[in-house]
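Structure assessment
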Amino acid sequence: MLSFKITKLDIFQSYFFGEVEFRSDKFKVNIQNQRRGKVLKLPFEIKSKNEKVIVRMTGPGDLFIEDYIPYKGESEWLEIDSDEITYYIADHQDQLDTIEIMIE
């Protein structure tokens, strides 16, 4: 499992943009709705047995949202395109602190 700590996440017109920390590296993160379908891109290459992976955002207590999203390769940012996640963040933006990517 890959775990990204959310250090900043701001809302813009219809998307969220911010910064995450993975180990000691910092990356930009962009979370938006599914205009181009569900998409996950990571700032580094991974090997996955399945095309889809579980993306989960969590916060204190039992707060979480997850979605099963196709992994579409490498990008300079962490990119998540998911209606479910985007709409949930709109209601719980300042309460989420971690993005977890579960890979088989």
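Worth saying up front: this structure is predicted, and the values here are computed from it rather than measured.

Attention now moves to the overall build of the protein chain. The number of helices and strands found in the protein chain is 1 helix and 8 strands. Each principal axis of the C-alpha distribution contributes one length, and for the protein chain these read about 35 × 30 × 25 Å. Counting over 104 residues, the protein chain shows a buried share of 46%. Residue pairs in contact within the protein chain that sit at least 24 positions apart in sequence constitute 64% of those at least 6 positions apart. Counting every atom, the protein chain has about 6,000 Å² of accessible surface; 45% of that belongs to carbon and sulfur. Within the protein chain, the 20 negative side-chain charges are centred at a point lying 4 Å from the centre of the 14 positive side-chain charges.

Attention now moves to the pattern of salt bridges. In a structure, side chains of opposite charge can pair up when their charged atoms sit close to one another. Overall, the coordinates contain 8 salt bridges when judged by the stated rule. Here Glu 19 ties to Lys 28 by a salt bridge, and the two come within 3.8 Å at their closest N and O atoms. The salt bridge partner of Asp 67 is Lys 38, with a shortest N-O separation of 2.8 Å. One end of the pair, Asp 67, is in strand 6 (residues 64–74); the other, Lys 38, is in the loop between strand 3 (25–32) and strand 4 (39–42), and 29 residues separate them in sequence. What emerges from the salt-bridge pattern is a single network uniting Arg 36, Glu 79 and Asp 81.

The tally for this structure, following the rule as stated, stands at 6 aromatic pairs. Geometrically, the ring pair formed by Phe 17 and Trp 77 is edge-to-face, given 5.1 Å between the ring centres and 65° between the ring planes. In this pair, Phe 17 sits in strand 2 (residues 15–22) while Trp 77 sits in the loop between strand 6 and strand 7 (78–81), placing the two residues 60 residues apart along the sequence. When its relative accessible area of 22% is taken as the criterion, Phe 17 is described as partly exposed.

Quick look at the pairing of strand 4 now. As paired strands, strand 4 and strand 7 are joined by 3 bridges and run antiparallel to one another. Its bridge partner lying in strand 7, Leu 40 is registered against Ile 80. Relative to strand 6, strand 4 runs parallel, the two sharing 2 bridges. Its bridge partner lying in strand 6, Leu 42 is registered against Glu 74.

Averaged over every residue, the pLDDT of the protein chain is 94; residues scoring 70 or more account for 100%. When pLDDT is averaged over each helix and strand of the protein chain, the minimum, 95, is found for helix 1 (residues 83–92) and the maximum, 98, for strand 7.

Thresholds applied
Sequence order sets the numbering: in each chain, residues are counted from 1 along the sequence as written. Residues qualify for local features only when their pLDDT is at least 70, as the model is predicted, and side-chain atom pairs are given and counted only at 80 or more; totals for whole chains, interfaces and linings, by contrast, use all residues. Hydrogens and water are ignored here; the side-chain numbers use all heavy atoms of the structure. In this text, helices come from DSSP runs of H or I with a minimum length of four residues, and strands from runs of E with a minimum of two, each type numbered from the N-terminal end. Categorising residues by exposure relies on relative accessible area from a 1.4 Å probe, with only protein chains included: less than 20% of the type maximum marks a residue as buried, more than 50% marks it as exposed, and the intermediate range marks it as partly exposed. Working rule for contacts: check all heavy atoms of both residues, and any pair within 4.5 Å makes them a contact. Here the open area of atoms and residues is found with the Shrake-Rupley method and a 1.4 Å probe, where only the protein chains shown may cover a residue. Positive charge is attributed to Lys and Arg, negative charge to Asp and Glu, and no charge count is given to His or to the chain ends. Charge placement uses NZ in Lys and CZ in Arg. For Asp and Glu, CG and CD serve respectively. We define a salt bridge as a contact between a side-chain nitrogen of Lys or Arg and a carboxyl oxygen of Asp or Glu at a distance within 4 Å. Each Phe, Tyr or Trp ring (for Trp, its six-membered ring) is paired with any other whose centre lies within 6.5 Å, and the angle between the two planes then decides the class: stacked below 30 degrees, edge-to-face above 60, tilted in between. A pair of strands is treated as paired once DSSP finds two or more bridges between them. What pLDDT expresses is the predictor's confidence in each residue, scored from 0 to 100.

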